[in-house]
Amino acid sequence: MATTLTWLGHAAFRMDTETGTRVYVDPFLNGNPKCPDAEREPERCDLVIVTHGHGDHVGDAVAISKRFECPVVAQVELRDWLSTNEGLPEDSRQSPNKGGTVSFAGVRVTLTDANHSSSTWHNGAILYTGESTGVVLRQEGGPTVYFAGDTNVFGDMALIKRIYAPDVAVLPIGDHYTMGPDEAAVAAELVGASRVVPSHYGTFPLLTGTPDALRPLLSAGVELLAPAPGETLTL
Ligand SMILES: [Zn+2]
C-alpha cells in the first residue's frame, strides 16, 4: 500500500499509512462547510490527533474516538481537558508535550512547536487549553509528514527540517488566523519538504490566501499539491 492523504476541508485531514492505519488530524467534519457530506461520518479510525483547542480543530475528535475506541493524541492540557470535560478516558500515553513522541498503530507522533493560541469556550468564558502545536508523523517505510497546525512562520521550523526532514509539509495559507502565502513560502523553505500541501484556507471569507498566490513564491523543485476537499493524494 501507499500512504495517502485526503483533505476534508479547512485543516482536517485523513491519512492512511503504508500498513493501513487510518489517522485523522484536526477532524473538524460536522460544521465544516467544506467537508464533503460523505466524509462527515468516518467508516473507521485508528488514531486521532488534535493540534490545539480551537473548535475548528477539535471538531469531531471526541465522537470519533468514542465510536471507534481509538486514541486521541493532543498536548497535555488539551488532552486532560478532553478527559475531564468531554468524557475521553484518561491515558497519559496520549498526552505528550512538545518534543515528545508517542507511538500508536505503527505511527510515531511527535508534537512540535507552533505559534498560535489554544482555547475553548466554557461556561461563557474563554478557557485556555495549553499551547498550540504542530505534529510530525513518521512510519516505517513511508513518508514523514509534518502538519504545521495553525501558526505563523517561525525560524525554528529549520529545526523541524534538521531533526525530522519531512517529505511532505502541510502548511496553513489562509491568512488572518494563521500565516498567509508570503509566510508559508518561507515556512516551506525552512521546513525543506519537497512537497507542500496547503490547508486552512477557503473555508470562510476571512481566509483569503490561495494556492495560486503561494505557488509562484515556492523555491524551484518544491511541488505544491493542492487537492480539492475530498480529494486523495498518494504521498
Ligand atoms: Zn486555531
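Everything here concerns the structure above.
Residues numbered from 1 in each chain as written. Predicted model: local features only at pLDDT ≥ 70, side-chain atom pairs only at ≥ 80, totals over all residues. Heavy atoms only, no water.

Let's talk about the nonpolar core
As a rule of thumb, soluble globular proteins bury nonpolar side chains together.
Stage number 1. I49, V109, L137, Y146, F147 and L171 are the most contacted members of the largest nonpolar core, which has 46 residues in total.
Stage number 2. Those residues in contact with F147 that lie beyond four places of it in its chain are L5, F13, V25, G134, V135, L137 and V170.
Stage number 3. Counting residues in hydrophobic clusters, the runner-up holds 19 residues, among them L8, V58, I64 and A74. (Core = buried A, V, L, I, M, F, W, Y, C linked by side-chain atoms within 4.5 Å. Buried < 20%, exposed > 50% of the residue type's maximum accessible area, 1.4 Å probe, protein only. Contact = heavy atoms within 4.5 Å.)

As for the coordination of the zinc ion
Stage number 1. Those donors, H52 (NE2), H54 (ND1), H116 (NE2) and D150 (OD), are the protein atoms that reach the zinc ion, and they lie 2.2 to 2.4 Å from it.
Stage number 2. We note that the donor set of the zinc ion lies within a single chain, spaced as H-x1-H-x61-H-x33-D. Placement of H52 in the loop between β4 (47-49) and α1 (55-58) and of H116 in the loop between β7 (107-113) and β8 (119-122) is noted, with a sequence separation of 64 residues between them.
Stage number 3. H116 sits in the partly exposed class, given a relative accessible area of 24%. (Donors = N, O, S within 2.8 Å, 3.2 Å for Na, K, Ca; no water. Helix = DSSP H or I, 4+ residues; strand = E, 2+ residues; numbered from the N terminus.)

Let's talk about helix α2 (residues 61-68)
Residues that lie three or four places apart on an α-helix share one face, since the helix turns once every 3.6 residues.
Stage number 1. Restricting attention to buried positions, one finds in α2 the residues A61, V62, I64 and S65. The arc that holds every buried residue of α2, seen down its axis, measures 165 degrees, which confines them to one face.
Stage number 2. Where α2 is buried, its residues touch β4, α1, β5 (72-73) and α3 (76-86).
Stage number 3. Positive phi shows up at E69, right after α2, with a value of about 50 degrees. (Arc of directions from axis to C-beta.)

Focus: the sheet that holds strand β1 (residues 4-7)
Stage number 1. Strand order in the open sheet formed by 6 strands is β5-β4-β3-β2-β1-β15, and the pairing between neighbours is mixed. Since the sheet does not close on itself, it has two edges, and those belong to β5 and β15 (232-234), each with one partner.
Stage number 2. The sheet contact formed by strand β3 (residues 22-25) and β4 spans 3 bridges and is parallel. Bridged to V23 within β4 is L47. (Pairing = 2+ DSSP bridges.)

Some points on the pattern of salt bridges
A side chain of one charge can pair with a side chain of the opposite charge when the charged atoms of the two come close.
Stage number 1. On inspection of all chains with the given rule, the structure shows 11 salt bridges.
Stage number 2. Between D46 and R44 there is a salt bridge, with its nearest N and O atoms 3.6 Å apart.
Stage number 3. For R44, a relative accessible area of 34% corresponds to the partly exposed category.
Stage number 4. Across the salt bridge formed by D212 and R215, the nearest N and O atoms sit 2.8 Å from each other.
Stage number 5. Residue D212 is classed as exposed on the basis of its relative accessible area, which comes to 56%.
Stage number 6. For R215, a relative accessible area of 41% gives the class partly exposed.
Stage number 7. Overlapping salt bridges bring together R14, D16, R22, E39, R44 and D46 as one network. (Salt bridge = Lys/Arg side-chain N within 4 Å of Asp/Glu carboxyl O.)

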